[in-house]
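# Results of the structural survey
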Amino acid sequence: MTAKNRDLNLVYIISFMDLFAVGLTVPLFSTHLRELGASHFTIGLLSSLYSGLQVISGPVVGSWSDVRDRKSVLTITLVLCSIAYVALGFANSILVIAIVRFALGVTKHTQSLCKAIITDLLPPSERASAFGRSAAWGSLGFIIGPTLGGHLSEFNNGFTYVCVLTSLLFVINIGLTSAVTDVGDRKPSDVSPQMQNDSILSRFGYELHKSVTDMTDIEWGTLWETFILRFIFGFSVTMYFSQQAVYLREQFDMSQRHIGYTISYFSASGMISAFLLHYITNYFYRNDDSCMKRLSHFFLLMTLSLVGLYLAPNVELFLVALIPFSLSCTILRIVSMELMLKQASSTHRGSLSGTSNSIMSVARFVTPVSSGLVADKLGGHLALLFAALPPLVGTIVSVRMRIKSATKAKRKNE
């Protein structure tokens, strides 16, 4: 096995362990807060706090990995996350939990840093397949995590046990990260003398300042269409999931257990789709270097599958329609990331990877409010159909970008 393949396998395992760890705690978080006496508003506020901080910190942490190196930045964030989850497990105060959520919102960027490492290891033509495998292993972690976390939570002080186990998984990831070959490292000649001679605090201040200033070198204006497509994808998926449980309960009289099975079914379909991405790309989209053909096709597939979910007269057809929706979600997540990183220079990969996650955080931040308003005005049933509008816009935008890309290529050849 080559060093590159070994590092890629380690990145896949880190992605799996990360979402396995998150899957342990996330489904239990709201219930734990309710047991501590938190109101629904407080729970929503803490969730929004995390998403809001992810929006701000994502590009900065990504840029920091461009300035310093991926390996050490990933290690530092994993150490801080491990400590934060231990504190979360033993916290009995809403204020302490809010402080821990603040720390996690700033430091929890494992997935975006793993994607940046993949771009360091592979040429553009091989990245989509690697992103697919990473997403597939991550999905597997998120399938296993909630199940194990649910069982552990039934013990006395179960939430504490879950958080301690989550912290241990981050410690394991620290060990796995140390085994990764140095990628994205800065050569000593590239590092400022101030970073070599000053104290750790001064060095960190320098790196943080440079991380922020380096982001001003990116031509953000050329990326706005890519950002729009990434946001549309995030908005559509979040809109669906914000209405899924209510829709299944009201439309098909599903129990909470069967709704959970449906979510696992969706995740399993996504995992299989991610593993198949390499074959789909090679057989159907071999010459789609601009990514526009895939984006337009799968935004359209997402639109049609959401309409199919809305029109499904029974659970069986609903589950059938969920397969193309899961396929389109998986491929759009990976291809939109691929498109963004194609436009990044080697010194800005971390910044754009973090920005990509920030866009998804913005979508997760604004969608619940939008979904609630639509459900109040049109009814929960029509809210699911409303989720088909954003990917329809995404289809139009991606077709427009595809035409523009083809025109530009034709002029270049002339």
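Look a little higher up for the structure.
Residues numbered from 1 in each chain as written. Predicted model: local features only at pLDDT ≥ 70, side-chain atom pairs only at ≥ 80, totals over all residues. Heavy atoms only, no water.

## A few points about the overall build of the protein chain
- Summing up its helical and strand segments, the protein chain has 16 helices and zero strands in all.
- Looking at the protein chain alone, contacts between residues at least 24 apart form 83% of all its contacts between residues at least 6 apart.
- Just so you have it, the protein chain exposes about 19200 Å², and 65% of that area is on carbon and sulfur atoms. (Helix = DSSP H or I, 4+ residues; strand = E, 2+ residues; numbered from the N terminus. Contact = heavy atoms within 4.5 Å. Areas by Shrake-Rupley, 256 points an atom, 1.4 Å probe, with all protein chains shown as cover.)

## Concerning a nonpolar patch on the surface
- On the surface, a nonpolar cluster with roughly 620 Å² of combined accessible area is contributed by I272, L276, Y279, Y283 and F284.
- Note that Y283 resides in helix α11 (residues 256–284). (Patch = residues over 30% accessible without salt bridge, like charges linked within 9 Å, V, L, I, M, F, W, Y side chains within 5 Å. Salt bridge = Lys/Arg side-chain N within 4 Å of Asp/Glu carboxyl O.)

## Some points on the nonpolar core
- Residues L295, L309, F318 and F325 are the most contacted members of the largest nonpolar core, which totals 96 residues.
- Ignoring sequence-local partners within four residues, the contact set of F325 consists of Y240, F266, M302, S305, L306 and L309. (Core = buried A, V, L, I, M, F, W, Y, C linked by side-chain atoms within 4.5 Å. Buried < 20%, exposed > 50% of the residue type's maximum accessible area, 1.4 Å probe, protein only.)

## Describing the side chain of S57
- With respect to the element layout, S57 can be found in helix α2 (residues 40–67).
- Within the structure, the side chain of S57 is placed 2.7 Å from the backbone oxygen of L53, a separation counted as a polar contact.
- Engagement of the side chain of S57 in a polar contact is seen with the side chain of H109, the distance being 2.8 Å.
- Apart from the residues lying within four places of it in its own chain, the contact partners of S57 are G105, V106 and H109. (Polar contact = N/O pair within 3.5 Å; in protein donor to acceptor, adjacent residues only side chain to side chain.)

## Regarding helix α10 (residues 224–252)
- With 29 residues, α10 should reach 42 Å at 1.5 Å per residue; the first-to-last C-alpha distance of 40 Å fits that figure.
- The sharpest bend along α10 comes to roughly 45°, located at Q244.
- Phi turns positive, to about 55°, at D253, one or two residues after α10. (Expected span 1.5 Å × (residues − 1). Bend = angle between axes of the 7 residues up to and from the residue.)

## Section: the packing of helix α1 (residues 3–35) against helix α6 (residues 124–152)
- Running from N to C, α1 and α6 cross one another at 35°; their axes reach a closest spacing of 6 Å. In the crossing of α1 with α6, the sense of the turn from one axis to the other is right-handed.
- Tallied by class, the residues present in the contact of α1 with α6 amount to 15 nonpolar, nine polar and three charged. (Axes fitted to C-alpha atoms, helices over the stretch in contact; angles between N-to-C directions. Left-handed = near helix turned anticlockwise from the far one by under 90°. Nonpolar A, V, L, I, M, F, W, Y, C, P; charged D, E, K, R; others polar.)

## Some details on the packing of aromatic side chains
- Counting across every chain of the model gives nine aromatic pairs.
- Clustering of aromatic rings is evident, with ring pairs tying together F16, F20, W137 and F275.
- Directly above the aromatic system of F29 lies the positively charged group of R101, at a separation of 4.5 Å from the ring centroid. (Phe/Tyr/Trp six-rings, centres within 6.5 Å; stacked < 30°, edge-to-face > 60°. Lys NZ or Arg CZ within 6 Å of the ring centre and 35° of its normal.)

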